[in-house]
Structures are given as structure tokens and as C-alpha cells.
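Listed here are the chains, written in short residue letters.
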Amino acid sequence: EQVQPFYGPHQAGIVNPVPAAGLVAAFDVLATSRADLERMFRTLTERIAFLMAGGTPPEIDPKFPPPDSGVLGPVIVPDNLTVTVAVGASLFDQRFGLAGVKPLELTTMVRFSNDALDPETCHGDLMLQFCANTPEANIHALRAVVKATPDLLALRWKLDGFLPAATKTTGPKETARNLLGFKDGTANLDPTDGTAMDRIVWVRPDTAEPAWTVGGSYQVVRIIRNFVERWDRTPLQEQQTIIGRDKASGAALGLKAEHDVPDYSGDPEGKVMPLDAHIRLANPRTAATEANLILRRPFNYSRGVTKAGQLDMGLLFISFQSSLKAGFIAVQERLNGEPLEEYIKPTGGGYFFTLPGVPDKDGYLGQGLL
Ligand code: HEM
């Protein structure tokens, strides 16, 4: 029961429960012709369908390199693996003649006021999001994809993420904490609510978007460093007013329980919930801002030490939405200048479009695009 289905109207890795390990890898496409691009998508489809289902790789002939890295042993366990394929704006440049079918809102990620984007960890023609119960399952899948596409894909950047054990897909459900120590995901959308997902996450047929995009979703990936040394020296009260929630319980300021829903209409001056608290800016809960809801699916990351001797850790922010402008961009524009900025620094990521799913064995990822 740890198998996520590969075939369906949408790709896996978006609305299924988020497992404990994530990995994002951005690639440059080396293919130069439409035919090679198709071969790339077909190869990805074949590999991902196999890896997600698990099984035994072909027999080993010691005269050749083994067909599988062996990282997971002789039998590949699925371990809730999902590999989600998304394309970046650069894939729609002159190389493949795809400019006419680019998702309308897909652009190269631009910098926001608090960003310090490192070009070495930004953008890409292709984004693969790996999620599984273990980091090994993700690494195994990444290596299998890399091995199958040497003339088609070049790795550009990657980042591993993790979530606390409590969020594992088995056992009691608890909201994961991020590396600032706050519960992250309390007010997130319910991914099992199909109606909400159809409205907020998936591109629908009744829009101006190219027909092939229906069932896909805009994916935002942001590497957001947390200045944890500074945060750990900040008074609890200040931490809580910056976020807008109680650190221990996760309850919104002025409320009792984690899932009590705030209502800001009686608090126009921000006496209970500061007007610039992260959660109030992110979702002011007015009729007009209903259109700006997004599905968040982030991980934490930790990757060594900066040149200044500080911990390099933070949030691997990932969100899905049917409109990039009404979703992530509108929310981020409201957050620009928020007090939390003193403790965070976005350093990388990109905007991508998650391809629609593959309905059955006859199809392949990106089929509608080509
Ligand atoms: C809520 C932390 C970045 C959008 C929250 C919550 C926390 C949090 C603790 C409250 C719990 C919850 O409802 O999930 C952080 C941290 C960030 C970060 C530490 C950066 C390192 C972002 C970004 C966006 C965003 C970049 C989008 C542009 C939201 C939204 C909510 C939220 C929409 C829910 C608000 C609500 O519906 O009440 N965040 N966040 N956050 N955050 Fe963030």
C-alpha cells in the first residue's frame, strides 16, 4: 500500500500525502530536435512508471554495468515514491518551436524585493520533484533517471528536503514543524478535497490556456534560507507576532486550538492579529483574496555552513496553483516587506509547469505538448 499510482488525469506528487523525504532537481534539456525531445519524455515516462511501481530490474550480466544502481538492493521497493515532471519557460524558446503552446503565465522567475537569487540554483528547462519515504528512494530514482538520459538531460541544480517523522504517511497525523519551530501547513488547503483542487490547483478546460495544459498545474519552487541563529535569539512573543500563531499549539493569535479559523473582519486595526503578521498577509481571508489560495507542499532543508560560518538551512518552499499570477505571485507581493523578512532570504528556485498526467500505458508525459 506504499505505491502511488502513476497513471491518471494528474501527476502524482501534488495532492497525495507528502512523505518524509523530498528532492528537487532542475535540468537543462540537451535534446536539440523535436524527435529527441519526444524520446526524452518517453524515456522519463517509462523510468518513472517503473520506479513508482517498484519491482525487480532485469538480470545482471557481469560483462555490462548493472541495470540498476543497487542502492535499494536487488528488489526496488516503491516506498511511496512519486516523480513529478514540470517544464520551465526556457523549454519554450526557439529550440523546439514550442513558443505557441507555452502555458500563458509561465515566465522565468523574477526577483522579489527580499530575494538574493544565486543563478547557480535557479530555473531550468525541466524540474523533477522526487518524494518518498526515504532519501535513498529519491536518490535511487534520480540516479536511474540520470543514467537513462545522458544525451538528453544535464543536471543543473538540486536540493534535498525532509520533514519531521510525525508527518510520515503512516501513524498519527500531526502538522510538520519548519526550522523556525512553527507548525507549517495548519491552514493549508485540504488536498483530498477534489472540488477545491479543481478550482485552485488544476488548470481547467474553461480558460484561455493551451488545451494540452488541462490537468496540469503551475509549480513554484523557492529555496528560502532561514537565519536560524538570529531567530533563536528573538523573543518568543516577537516570533509569534511575526508569524501570527502560537508557537507551541499552532493556534492563530487570539484563538485556542490549532485549527480554529481566524476571522479578521472584527479586527481591522490588527489589535489581535497584527496587520503584517505572516498569516494575515498571506491570506487576509476576504472575498477578494479567495482567488489567491495556493496548495503548499514544502520541505525543510539543511545543507552545511555558509562562508560566514552560519547554518545554511531553511524552507524548500513548493506550491501548486492553476494561476501563477493569482496564486503565488499575488501572495508573495502581499508578503513583500513583511517583518519575517528579517529572518529569511530566498536564494533560488524557479517557476515551472507540471505536466498533466498520463491516462494509461499508451500515453507518455508531455504527449499533448508535442
Ligand atoms: C502560513 C511559515 C514562506 C504562504 C504559514 C505558517 C507558517 C509559515 C508558520 C502558519 C501555519 C500554516 O497555516 O501553514 C513560513 C516560513 C516561510 C514561509 C518560515 C519562509 C521561510 C511563505 C511563502 C508563501 C507563504 C513564500 C507564499 C508566497 C503562506 C500561506 C499561509 C502560510 C498562504 C497560510 C495562511 C492562512 O491561510 O492563514 N507560513 N512561510 N509562506 N504561509 Fe508561509
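Residues numbered from 1 in each chain as written. Predicted model: local features only at pLDDT ≥ 70, side-chain atom pairs only at ≥ 80, totals over all residues. Heavy atoms only, no water.

By the naming in an unreviewed UniProt entry, the protein is Deferrochelatase, taken from Inquilinus ginsengisoli. In its Catalytic activity (unreviewed entry) section, the UniProt entry covering the protein states "heme b + 2 H(+) = protoporphyrin IX + Fe(2+)". If you open the UniProt record of the protein and go to Sequence similarities (unreviewed entry), you find "Belongs to the DyP-type peroxidase family. EfeB subfamily." (UniProt positions renumbered as here; feature names shortened; annotations may be inferred.)

Participant: Would you mind going over the site of the ligand in detail, with residue names and values included?
Facilitator: Around the ligand there are 25 residues in total, and G185, A187, H278, N283 and R296 lie nearest to it. Interatomic distance of 2.9 Å between a side-chain N/O atom of H278 and a nitrogen atom of the ligand. At 2.9 Å from an oxygen atom of the ligand is found a side-chain nitrogen or oxygen belonging to N283. One can see that the ligand is located within the largest pocket. (Near = heavy atom within 4 Å. Polar contact = N/O pair within 3.5 Å; in protein donor to acceptor, adjacent residues only side chain to side chain. 1 Å grid on protein atoms, 1.4 Å probe; cavity = no way out; pocket = protein on both sides within 12 Å on 5 of 7 lines; lining within 4 Å. Sits in = over half its atoms within 2 Å of the grid points.)

Participant: Describe the coordination of the iron atom of the ligand, with residues and values.
Facilitator: There is one protein donor for the iron atom of the ligand, and it is H278 (NE2), at 2.1 Å. Within the secondary structure, H278 sits in helix α6 (residues 278-282). (Donors = N, O, S within 2.8 Å, 3.2 Å for Na, K, Ca; no water. Helix = DSSP H or I, 4+ residues; strand = E, 2+ residues; numbered from the N terminus.)

Participant: Describe the nonpolar core, naming the residues involved and giving the relevant values.
Facilitator: Counting residues in each nonpolar core, the largest one holds 71 residues, and the members touching the most others are F41, L44 and L126. If you tally residues by element for this core, the top one is helix α1 (residues 34-53), at 8 residues. A196, V201, V221 and F352 belong to the second largest nonpolar core, which has 26 residues in total. (Core = buried A, V, L, I, M, F, W, Y, C linked by side-chain atoms within 4.5 Å. Buried < 20%, exposed > 50% of the residue type's maximum accessible area, 1.4 Å probe, protein only.)

Participant: Can you lay out helix α2 (residues 135-148) for me, pointing to particular residues and giving the numbers?
Facilitator: Along its 14 residues, α2 runs 20 Å from first to last C-alpha, staying within 8% of the 20 Å computed at 1.5 Å per residue. Listing the buried residues of α2 in full gives A137, N138, H140, A141, L142, A144 and V145. Turning to α2, the residues buried within the fold contact β1 (21-29), α1, β2 (82-88), β3 (126-132) and β4 (153-162). (Expected span 1.5 Å × (residues − 1). Contact = heavy atoms within 4.5 Å.)

Participant: Outline the layout of surface pockets, supporting the account with residue identities and numerical values.
Facilitator: Approximately 1100 Å³ is the volume attributed to the largest pocket. Taken together, 47 residues make up the lining of the largest pocket; nearest its centre are D184, H278, I279, A282 and R296. Broken down by secondary-structure element, the contributors of at least two residues to the lining of the largest pocket are β5 (217-226), α6, β8 (311-321), α7 (325-335) and β9 (344-354). The element best represented in the lining of the largest pocket is α7, accounting for 5 residues. The residue inventory of the lining of the largest pocket, partitioned by class, reads 22 nonpolar, 13 polar and 12 charged. (Points joined across faces, edges and corners; volume = space filled by probe spheres on them. Nonpolar A, V, L, I, M, F, W, Y, C, P; charged D, E, K, R; others polar.)

Participant: Give me the confidence of the model for the protein: which residues, what numbers.
Facilitator: Overall, the prediction assigns the protein a mean pLDDT of 96, with 98% of residues at 70 or greater. We note a pTM of 0.97 for the whole complex and an ipTM of 0.98 for its interfaces. (pLDDT = per-residue confidence, 0-100.)

Participant: Talk me through the UniProt feature "domain: Dyp-type peroxidase N-terminal" (unreviewed entry) in the protein; I want residue IDs and the actual numbers.
Facilitator: Per the UniProt annotation, the sites labelled "domain: Dyp-type peroxidase N-terminal" (unreviewed entry) are residues 11-162. Structurally, residues 11-162 comprises 22% helix and 22% strand, and the distance from its first C-alpha atom to its last is 21 Å.

Participant: Could you give an account of the pairing of β8, with specific residues and numbers?
Facilitator: Taken across its 11 residues, β8 has 10 buried, putting it largely inside the fold. Relative to β8, β5 is paired through 9 bridges, and the arrangement is antiparallel. Its bridge partner lying in β8, Y218 is registered against Q321. Pairing between strand β6 (residues 295-296) and β8: 2 bridges, direction antiparallel. Following the sheet pairing, L295 is matched in β8 by F320. (Pairing = 2+ DSSP bridges.)

Participant: Tell me about the packing of α1 against α2, residues and numbers included.
Facilitator: For the pair α1 and α2, interaxial distance at closest approach is 10 Å and the crossing angle is 150°. The angle between α1 and α2 places the two elements in the roughly antiparallel class. Regarding α1 and α2, the two cross each other, and that crossing is right-handed. Here T43, L44, R47 and L51 of α1 come into contact with α2, specifically with H140, A141, A144, V145 and A148. (Axes fitted to C-alpha atoms, helices over the stretch in contact; angles between N-to-C directions. Parallel < 35°, antiparallel > 145°, perpendicular 65-115°, else oblique. Left-handed = near helix turned anticlockwise from the far one by under 90°.)

Participant: Hey, could you go over α1 for me, with residue numbers and the actual values?
Facilitator: In a regular helix each residue adds 1.5 Å, so 20 residues correspond to 28 Å; α1 covers 29 Å between its end C-alpha atoms and thus fits that length. Turning to α1, its buried residues are L37, M40, F41, T43, L44, T45, R47, I48, A49, L51 and M52. The secondary structure elements touched by the buried residues of α1 are β1, β2, β3, α2 and β4. Once α1 finishes, G54 follows within two positions and takes phi at roughly 75°, a positive value.

Participant: Residue-level account of the side chain of N283, with values.
Facilitator: Along the chain, N283 falls in the loop between α6 and β6. In this structure, N283 is in contact with Y264, T289, L293 and R334, ignoring residues within four places of it in sequence.

Participant: Outline empty space enclosed by the protein, supporting the account with residue identities and numerical values.
Facilitator: Tallied over the entire structure, the rule returns 1 cavity of 30 Å³ or more. A volume near 40 Å³ is recorded for the largest cavity. As for the largest cavity, its lining consists of P5, F6, Q11, A12, M52, V83, G357, V358 and L365. Here the lining of the largest cavity is composed, by residue class, of 7 nonpolar, 2 polar and no charged.

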